[in-house]
Amino acid sequence: MVRLVDVAKTYSGHVAVSALRDVNLDIRRGEMTAIVGPSGAGKSTLLNILGLLDVPTSGRYLLDGTDTSQLGERELTALRAVTLGFVFQAFHLVPHLSCVGNVMLPLAHQGWPRRDRSRLATDALVQVGLAHRLDALPTTLSGGERQRVAVARAIVHSPSVILCDEPTGNLDQENSAHVMDLLRRLVTPERSLIVVTHDGAVSAQADRVVEVVDGAVR
Ligand code: ADP
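What you are looking at is a predicted structure, and each value in this text was computed from that prediction instead of being measured. (Residues numbered from 1 in each chain as written. Predicted model: local features only at pLDDT ≥ 70, side-chain atom pairs only at ≥ 80, totals over all residues. Heavy atoms only, no water.)

Student: Go over the sheet that holds strand β6 (residues 84–87) with me, naming the residues and quoting the values.
Tutor: An order of β6-β7-β8-β3-β9-β10 is seen for the six strands of this open sheet, with the pairing classed as mixed. Edge positions in the sheet fall to β6 and β10 (216–217), since each of these pairs with one other strand and no more. Here strand β3 (residues 32–36) runs beside strand β9 (residues 208–213); their pairing, made up of four bridges, is parallel. Across the sheet, residue Ala34 finds its bridge partner in β9, namely Val209. The strands touched by helix α5 (residues 143–155) within the sheet are β6 and β7 (161–165), with β6 carrying the most contacts at an inclination of about 170 degrees. (Pairing = 2+ DSSP bridges. Helix = DSSP H or I, 4+ residues; strand = E, 2+ residues; numbered from the N terminus. Contact = heavy atoms within 4.5 Å. Axes fitted to C-alpha atoms, helices over the stretch in contact; angles between N-to-C directions.)

Student: Tell me what's going on with the site of the ligand, and back it up with residues and numbers.
Tutor: All residues adjacent to the ligand are Tyr11, Val17, Ala19, Pro38, Ser39, Gly40, Ala41, Gly42, Lys43, Ser44 and Thr45. Between an oxygen atom of the ligand and a main-chain N or O atom of Gly40, the distance comes to 2.6 Å. Between an oxygen atom of the ligand and a main-chain N or O atom of Gly42, the distance comes to 3.0 Å. For the ligand, whose free accessible area comes to 560 Å², the fraction covered by protein is 58%. Listing elements by their share of the shell around the ligand, those giving two or more residues are β2 (17–27) and α1 (43–50). For the shell around the ligand, the element with the highest residue contribution is α1, accounting for three residues. Its residues assigned to classes, the shell around the ligand comprises five nonpolar, five polar and one charged. (Near = heavy atom within 4 Å. Polar contact = N/O pair within 3.5 Å; in protein donor to acceptor, adjacent residues only side chain to side chain. Areas by Shrake-Rupley, 256 points an atom, 1.4 Å probe, with all protein chains shown as cover. Nonpolar A, V, L, I, M, F, W, Y, C, P; charged D, E, K, R; others polar.)

Student: Give a description of the packing of α5 against helix α6 (residues 173–185) that names residues and reports values.
Tutor: When two helices pack together, their arrangement is given by the angle between the helix axes and the distance between those axes. With their axes 9 Å apart at the nearest point, α5 and α6 run at an angle of 15 degrees to one another. Judged on the interaxial angle alone, α6 and α5 are roughly parallel. Regarding α5 and α6, the two cross each other, and that crossing is right-handed. Side by side, α5 and α6 meet where Gly144, Gln147, Arg148 and Val151 of the first sit next to Asn175, His178, Val179, Leu182 and Leu183 of the second. Classifying every residue of the contact of α5 with α6 gives four nonpolar, four polar and one charged. (Parallel < 35°, antiparallel > 145°, perpendicular 65-115°, else oblique. Left-handed = near helix turned anticlockwise from the far one by under 90°.)

Student: Which residues make up the packing of aromatic side chains, and what values do they have?
Tutor: This structure, assessed with the given rule, holds one aromatic pair. Ring geometry for Phe86 and Phe88: centres 6.0 Å apart, planes at 0 degrees, overall stacked. Note on Phe86: relative accessible area 18%, which makes it buried. (Phe/Tyr/Trp six-rings, centres within 6.5 Å; stacked < 30°, edge-to-face > 60°. Buried < 20%, exposed > 50% of the residue type's maximum accessible area, 1.4 Å probe, protein only.)

Student: Describe in detail α1, supporting the description with residues and values.
Tutor: Counting buried positions over the eight residues of α1 gives six, a clear majority of the element. Three or more residues of α1 are buried, namely Lys43, Thr45, Leu46, Leu47, Ile49 and Leu50.

Student: Mind laying out the environment of Arg148, listing which residues take part and the relevant values?
Tutor: Structurally, Arg148 can be placed in helix α5. Owing to a relative accessible area of 12%, Arg148 belongs among the buried residues under this scheme. Once the C-alpha coordinates of Arg148 and Gly169 are considered, the two residues, 21 residues apart in sequence, prove to be 14 Å apart. Once residues lying within four places of it in the same chain are set aside, the contact partners of Arg148 are Val128, Gly129, Leu130, His178, Val179 and Leu182.

Student: Explain the pattern of salt bridges to me, using residue names and the numbers behind them.
Tutor: Inspection of every chain in the model, using the stated rule, returns 11 salt bridges. Here Arg3 ties to Asp26 by a salt bridge, and the two come within 2.7 Å at their closest N and O atoms. On the criterion of sequence distance, the pair formed by Arg3 in strand β1 (residues 2–11) and Asp26 in strand β2 is long-range, its members being 23 residues apart. Salt-bridge contacts for Arg21 lead to Asp214; the nearest nitrogen and oxygen are separated by 3.9 Å. Taken together, the residues Arg21 in strand β2 and Asp214 in the loop between β9 and β10 connect sequence positions 193 residues apart. For Asp214, a relative accessible area of 58% corresponds to the exposed category. (Salt bridge = Lys/Arg side-chain N within 4 Å of Asp/Glu carboxyl O.)

Student: Give me helix α3 (residues 99–109): which residues, what numbers.
Tutor: Residues lying three or four places apart along an α-helix face the same way, a consequence of the helix completing one turn every 3.6 residues. Extensive coverage of α3 is indicated by the burial of eight of its 11 residues. Among the residues of α3, those classed as buried are Cys99, Val100, Gly101, Asn102, Val103, Met104, Pro106 and Leu107. Where α3 is buried, its residues meet α4 (114–127) and α5. Just past α3, the residue Gly111 takes up positive phi, approximately 80 degrees.

The structure is reproduced here in structure tokens:
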């Protein structure tokens, strides 16, 4: 599903920073992978590359059989929109839109007809257990519920890969457990889940733990 071949990332500036070096990584469908490691190790850089939000300085990234190094900005945006779903630590919901409105947003960007958007968004919210809060505004929801809306938004277009950045970072233990159970259930034979986390309870759920240390993957 995901393959990194000899990937390196150097940030150029006053001083060049080598954030990733010689990274080789294969992630199969149906797997939950946790990415762990100390602060500054390169986890965000790795997640940005996997999420097509940044490009490697050298090496290749194959996503669902496509060599992304061959693609231009527009093609990358299209591949990102169809193949990937994102869940962040800070839920990033639009405050003046209802839950359905928030979950419909990615579909609008992809040009889905309005009627389908609303049906798919409702289905996704039902899947995350929020059938009773479809029209609620995010500000009236608890932190755990907000993250579940964000999860619904990440899965509404049936992505092959879900990328999560500290998805339980803003949640208490009970809500973390709930969101983690939910994410775990999203791993199907066709889909993989990649999660950057400091939370031992989250990495304990993973099929595989990848440790990033000083820009290298173990
Ligand atoms: P982590 O997510 O594990 O904390 P990062 O991927 O954020 O690690 O950072 C890896 C290294 O790259 C660090 O030394 C960090 O300071 C550096 N870095 C991250 N982003 C940038 C950037 N935009 N410009 C320059 N250096 C960066």
